[in-house]
Amino acid sequence: MNIQWYPGHMAKTRRIIQENLKLVDMVIELVDSRLPLSSRNPDIDNILGSKPRLLIMNKCDLADPAVNAAWVQRFHDNGINILLVDSITGKGFNDIHNVSRQILKEKIEKEKSKGIVNRAIKLMVVGIPNVGKSSFINKFAGKASAKTGDRPGVTRGKQWIRLKNGYELLDTPGILWPKFEDPEVGKKLAYTGAIKDEIIDIEELTCSLLEFLRDYYPEKLKARYKLDNIAELKGFELLQNIGKNRGCIVAGGDVDTFRTAGIILDEFRGAKIGNISLEKPEGLC
């Protein structure tokens, strides 16, 4: 599969970020804990330049805990400010305040020396579609300030959100990059819902996901769908077996593979198959 998706509003988002960068003190970049590399837009580094940044691995409760820990260590080793959070439960949110002020310590001290105290810290939140920006903002704000949705592209324009805890947040729409050089990146993003299902052959996508789960999380796959002896099965065979087990049968006794594929994708995205990471730091077995 070679998946590409770059709707016109994303070029506009790039301009919004560039034009408003000077208005903020720091950028919070959200990535999906299940794929911390593939969910990082490579254009963001060029856009942000030297602007102070905090990398947030969101949706950490959906990913493999051991792999999460390995990623945090890898980012730390590379001098990147990193936190694990879950925007639904609020896990990790208590650390954001202290880490943000530590990152901006020099600027805050310089302002104090000029008599400027207790100024609201202005933050910009960026990330790819469906990485959980709106849910993150709502949890951080303690109220439903930003639109949320389980599909990419819910936020279409910038919006300032003033908080009581000494912050002002600038939310921006999700932004991808014009071309995925590695087809695997497009597939992984599609697995998690960062790319609209409507432009994808979801049966082919699900077959690919099933082969990944067969190779890296076989016990979780077998347990969820009551499967045995899956090592030699191809993706389409796994899809058909799951469809039979779930009763997704159409007239004539054939498996409704389209319906089955939708069920599997929904259950993967909701962590019903288990806590699964789609990529690991290089060198981690």
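See the structure shown above.
Reference entry: report on the structure contained in this document.

### Regarding the pattern of salt bridges
Okay, step 1: As enumerated under the stated definition, the model contains 17 salt bridges in all.
Okay, step 2: Here Glu 168 makes a salt bridge to Lys 122, at a shortest N to O gap of 3.9 Å. Taken together, the positions of Glu 168 in strand S6 (residues 167–171) and Lys 122 in strand S4 (residues 121–127) put the pair 46 residues apart, joining distant regions of the chain.
Okay, step 3: For Glu 219, the salt bridge is made with Lys 222, and the minimal N-O distance between the two is 3.2 Å. With a gap of three residues between them, Glu 219 and Lys 222 both fall in helix H9 (residues 218–225), about one helical turn apart.
Okay, step 4: The network of salt bridges with shared partners includes Asp 25, Lys 107, Glu 111 and Arg 119.

### Some points on the side chain of Thr 260
Okay, step 1: With respect to the helices, strands and loops of the structure, Thr 260 is situated in helix H11 (residues 257–269).
Okay, step 2: Within the structure, Thr 260 has its side chain in polar contact with the backbone oxygen of Asp 256 (distance 2.8 Å).
Okay, step 3: If sequence neighbours within four positions are ignored, Thr 260 has contacts with Leu 239, Ile 242, Gly 243, Cys 248 and Val 255.

### A word on helix H7 (residues 183–192)
Okay, step 1: By the criterion of burial, H7 is predominantly enclosed, with eight of the 10 residues buried.
Okay, step 2: Buried within H7 we find Val 185, Gly 186, Lys 187, Lys 188, Leu 189, Ala 190, Tyr 191 and Thr 192.
Okay, step 3: The elements touched by buried residues of H7 are strand S1 (26–32), helix H8 (202–216) and H11.
Okay, step 4: Of the residues trailing H7, Gly 193 is marked for its positive phi of about 90°.

### Side note on the packing of aromatic side chains
Okay, step 1: In the structure shown here, the tally under the stated rule is seven aromatic pairs.
Okay, step 2: Geometrically, the ring pair formed by Trp 71 and Phe 75 is stacked, given 5.7 Å between the ring centres and 25° between the ring planes. Within this pair, Trp 71 and its partner Phe 75 are both found in helix H3 (residues 65–77), separated by four residues, close to a single helical turn. Of the two residues, Trp 71 and Phe 75, both sit in the buried class.
Okay, step 3: Pairing Phe 212 with Tyr 217 gives two aromatic rings, centres 6.4 Å apart and planes at 45°, and the pair type is tilted. Of the two residues examined, Phe 212 and Tyr 217, each falls in the buried class.

### A look at the nonpolar core
The tendency in soluble globular proteins is for nonpolar side chains to be buried as a group.
Okay, step 1: Counting residues in each nonpolar core, the largest one holds 62 residues, and the members touching the most others are Ile 56, Ile 96, Phe 136 and Leu 221.
Okay, step 2: Ranked by residue count, the leading element in this core is H8, at seven residues.
Okay, step 3: Ile 96 has contacts with Leu 54, Ile 56, Leu 83, Val 85, Phe 136, Phe 140 and Tyr 167, leaving out every residue within four places of it along the chain.
Okay, step 4: Counting 10 residues, the second largest nonpolar core, distinct from the first, contains Ile 47, Leu 48, Met 124 and Leu 170.

### A closer look at the sheet that holds S4
Okay, step 1: One open sheet holds the six strands; their spatial order is S3-S2-S1-S4-S6-S5, and the pairing between them is mixed. Both edges of this open sheet fall to strand S3 (82–84) and strand S5 (159–162), since each of them pairs with a single strand only. Recorded for the sheet is a direction-independent mean angle of 25° between the axes of neighbouring strands.
Okay, step 2: Sheet strands in contact with helix H4 (residues 94–103) are S1, strand S2 (53–58), S3, S4 and S6, and its direction is about 155° off that of S2.

### Here's the deal with the environment of Arg 162
Okay, step 1: Within the fold, Arg 162 resides in strand S5.
Okay, step 2: For the pair Arg 162 and Ala 141, spaced 21 residues apart in sequence, the C-alpha to C-alpha distance is 8.3 Å.

### Some details on the environment of Asn 94
Okay, step 1: With respect to the helices, strands and loops of the structure, Asn 94 is situated in helix H4.
Okay, step 2: Assessed through its relative accessible area of 72%, Asn 94 is described here as exposed.

Rules used in this analysis
Residues numbered from 1 in each chain as written. Predicted model: local features only at pLDDT ≥ 70, side-chain atom pairs only at ≥ 80, totals over all residues. Heavy atoms only, no water. Salt bridge = Lys/Arg side-chain N within 4 Å of Asp/Glu carboxyl O. Helix = DSSP H or I, 4+ residues; strand = E, 2+ residues; numbered from the N terminus. Polar contact = N/O pair within 3.5 Å; in protein donor to acceptor, adjacent residues only side chain to side chain. Contact = heavy atoms within 4.5 Å. Buried < 20%, exposed > 50% of the residue type's maximum accessible area, 1.4 Å probe, protein only. Phe/Tyr/Trp six-rings, centres within 6.5 Å; stacked < 30°, edge-to-face > 60°. Core = buried A, V, L, I, M, F, W, Y, C linked by side-chain atoms within 4.5 Å. Pairing = 2+ DSSP bridges. Axes fitted to C-alpha atoms, helices over the stretch in contact; angles between N-to-C directions.

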